[in-house]
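Here are the chains, one letter per residue:
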Amino acid sequence: MPADRSPRQPDSRTPRPRHPEPAPGPWGPRDESELDRTISYRFPRPPGREAHTVRLPAWGEQEEIGFSTVAEPPPSASAPAPGGRRGARGWILALVAAVLVGVVGGGGVWAASKLSGGGTQPQDVLPASAIAYVRLDLDPSADQKLALFGIARRFSATRGAFAGDDPREALVNALGKDGTGLAKVDYARDVEPWLGDRVGLAVLPSADGGDPVGAIAVQVRDEAAARAGIARLGLRDGKGGLAFRDGYAVIAPSQKLADQYVTAAPLSGEPRFAGDLQALGEPGVLSFWADVEKAVEAAYPRRDGAEPLFDRVKGMRFAGALRFSGDYAELAGITRGGKTAPGRPEPVRVGELPATTIAAASFSGLGDLLREQWPSIEQAANGAGGGPYAETLDAARQYGLSLPDDLVTLLGRNLTLALDEKGLDGPRPAFGAVLTTDAGKAQDVVDRMKAFLGGGQGAADLATASGDGRFVLATTPEYAAALGGGGALAESETFRLAVPDAGNATYAVYADLDRLEKLYLSGAGDAERRDLEKLRAVGLSGTSGEAGSSFTLRVVFG
């Protein structure tokens, strides 16, 4: 998967015929009315079943690969004010869990089927008034499917699970053994005829101002079969409501709410939601979105003592996705809106560490953040329950620190911590810190700490170096010199995979597991050891600034 977050665009150089010659196989173009092209489990249906709820591409037509359901809002659309009550939703949660487990419990036949990823998404049928939304897609874009299955087959815990024919059956049966209420469900009769590949869960405000309510959208292949199957799962005798929209069963706490939700303006047409998902990029297998301001309002309906929090999250949203590449799994997220500090911290310099670095953490702007938050810290220390804060501040003052100024100096504009492979097995590992700060002031702070320790162990044994606007602390003089001289960690392929766009990140954390594994492999069994050896590196990086923030968490596989 490319490192950039921009949505995929069609390649204008590639012709896109609408009716190519059909590939040889057991069915032909005349079978299109009997074949569901947006579902992974594609086979002709026996006569007599109900027609599909949406028109699907004809046999042989190309399908759109990816995510194209983030639409501009319609010219005029308004969502009815939902009302609701708490109801029996246990079986709904069980169904969500069943589909969720399918991400790592799929089948080989499922992977080999048509890699479409197109069609209607849950956000196209759930209301625009959602406070939060989670989407799970077992039929994502082709590159996501192939990467997910390639990674899963590397590990003993998931390799065998990817050899079945229909992951949904295994999941429903497994959940039936866990006391979820599905023990009496017959998969072939009650689930298989109608269950699709996508599910979405929305948290929505209640009409009476009470607790938010939930609504779930499950992709279906046959409305009549879905209605009967869902009733057998527990939605009957007034327990919740069911309505259908564009190939999805929408389930709500009451029939009134279900009917409202399927006629409301869709979430995909809400401008802020659409913009956030566009900024997020590839939605992967699992994606989520939340209106943080609305969520805080729901948590604090009377705003008791939460005014500062309301001010900070005004207009804030959060979006994220779990996605895969051939080399890594990635959890990515963004925030937009809310109160942010002016300006943008400088980029981290973690890529300038020595190439022998096996673990590092770098953060920009901590000094400014500490100074900004210091009044709140002192208030917390002096308030009720502030004992731990007060003890920490007293301990810092015992080291001869003038607060907050000395701490701001040590944190500086950037703070980078590093652990080197050299000396890792020895009595004194090579560990150090690189501070982008006023080197003279930092040296004074360290000298005062050394004087306080009086020649004992700890800070008194630390080596220091300075130059080029940086101050270095390290466990040995040799490592202090190495950190001060810069390095070529940024040229490492492993580092570049784990920490994408490190040159623009304002914080980054990195661990080279290939070179750290000797610290933890000795106690592992044979199978566990083989799995652990496939973990190559882990990295967390991101940005923060006036326009919002972003993060990327990656696990890289070898």
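Placed above this text is the structure.
For clarity, every value in this text was computed on a predicted model and none was experimentally measured. For every chain, the first residue of the written sequence is number 1, and numbering continues from 1 along that sequence. With the structure being a predicted model, the display of local features is reserved for residues of pLDDT at least 70 and the display and counting of side-chain atom pairs for 80 or more, all residues being used for whole-chain, interface and lining totals. Neither water nor hydrogens contribute to the side-chain values; these are computed over all heavy atoms in the structure.

Now for the overall build of the chain. In DSSP terms, a helix is any run of H or I states spanning at least four residues, a strand is any run of E spanning at least two, and both are numbered starting from the N terminus. For the chain, the helix and strand inventory stands at 19 helices and 16 strands. With a 1.4 Å probe rolled over the protein chains alone, any residue whose accessible area is under 20% of its type maximum counts as buried; one over 50% counts as exposed, and the rest are partly exposed. Here the chain, with 558 residues, has 46% of them falling under the buried criterion. Residues are treated as being in contact if the distance between any of their heavy atoms lies within 4.5 Å. A separation of at least 24 residues holds for 70% of the contacts in the chain among residues at least 6 apart in sequence. Accessible surface, the chain: about 26,100 Å² in total, of which carbon and sulfur atoms supply 56%. Note on areas: these come from Shrake-Rupley sampling with a 1.4 Å probe, and a residue is covered only by the protein chains present in the view.

With their axes 7 Å apart at the nearest point, helix α12 (residues 366-382) and helix α13 (residues 387-398) run at an angle of 115 degrees to one another. The orientation of α12 relative to α13 falls into the category roughly perpendicular. The residues of α13 that touch α12, namely those facing Trp374, Glu378, Ala380 and Ala381, are Tyr389, Ala390, Leu393 and Arg397. When residues are grouped by polarity, Ala, Val, Leu, Ile, Met, Phe, Trp, Tyr, Cys and Pro land in nonpolar, Asp, Glu, Lys and Arg in charged, and all others, Gly among them, in polar. When grouped by side-chain class, the residues that make up the contact of α12 with α13 number six nonpolar, no polar and two charged. Every axis corresponds to a line fitted to the C-alpha atoms, with the helix fit spanning only the stretch in contact, and the corresponding angles, defined between N-to-C directions, vary from 0 to 180 degrees. By definition in this entry, angles of less than 35 degrees are roughly parallel, angles greater than 145 are roughly antiparallel, angles of 65 to 115 are roughly perpendicular, and the rest are oblique.

Taken together, the buried positions of helix α9 (residues 271-280) are occupied by Phe273, Ala274, Asp276, Leu277 and Leu280. In an axial view of α9, the angular spread of the buried residues amounts to 165 degrees, which keeps them on one side of the axis. Facing away from the buried surface of α9 by more than 90 degrees, the exposed residues are Pro271 and Gln278. Where α9 is buried, its residues contact β1 (132-137), β6 (286-291), β7 (317-324) and β8 (328-336). In the stretch just after α9, Gly281 is the one whose phi turns positive, near 90 degrees. This arc corresponds to the set of directions leading from the helix axis out to the C-beta atoms.

Strand β4 (residues 241-245) sits mainly inside the fold: five of its five residues count as buried. Across the two faces of β4 the burial is the same, with Gly241, Ala243 and Arg245 and Leu242 and Phe244 all buried. Here five bridges tie β4 to strand β5 (residues 248-252), and the two strands are oriented antiparallel to one another. Bridged to Ala243 within β5 is Val250. As consecutive antiparallel partners, β4 and β5 are separated by two residues, and within that stretch Asp246 has a phi angle of approximately 50 degrees, a positive value. Two strands form a pair only when DSSP identifies at least two bridges running between them.

In this section: the packing of aromatic side chains. The pairing test for Phe, Tyr and Trp rings, Trp by its six-membered ring, is centres within 6.5 Å, and the orientation test on the planes gives stacked under 30 degrees, edge-to-face over 60, and tilted for anything in between. Going through the model one piece at a time under the given rule, you end up with six aromatic pairs. Plain terms: the ring middles of Phe273 and Trp289 are 5.3 Å apart, the flat faces sit at 80 degrees to each other, and that makes the pair edge-to-face. Of this pair, Phe273 sits in helix α9 while Trp289 sits in strand β6, and the two are 16 residues apart along the sequence. With a relative accessible area of 0%, Phe273 lands in the buried category. With a relative accessible area of 4%, Trp289 lands in the buried category. Here the aromatic rings of Phe288 and Phe318 are separated by 5.7 Å at their centres, their planes lie at 35 degrees, and the arrangement is tilted. With Phe288 in strand β6 and Phe318 in strand β7, this residue pair connects regions lying 30 residues apart in the sequence.

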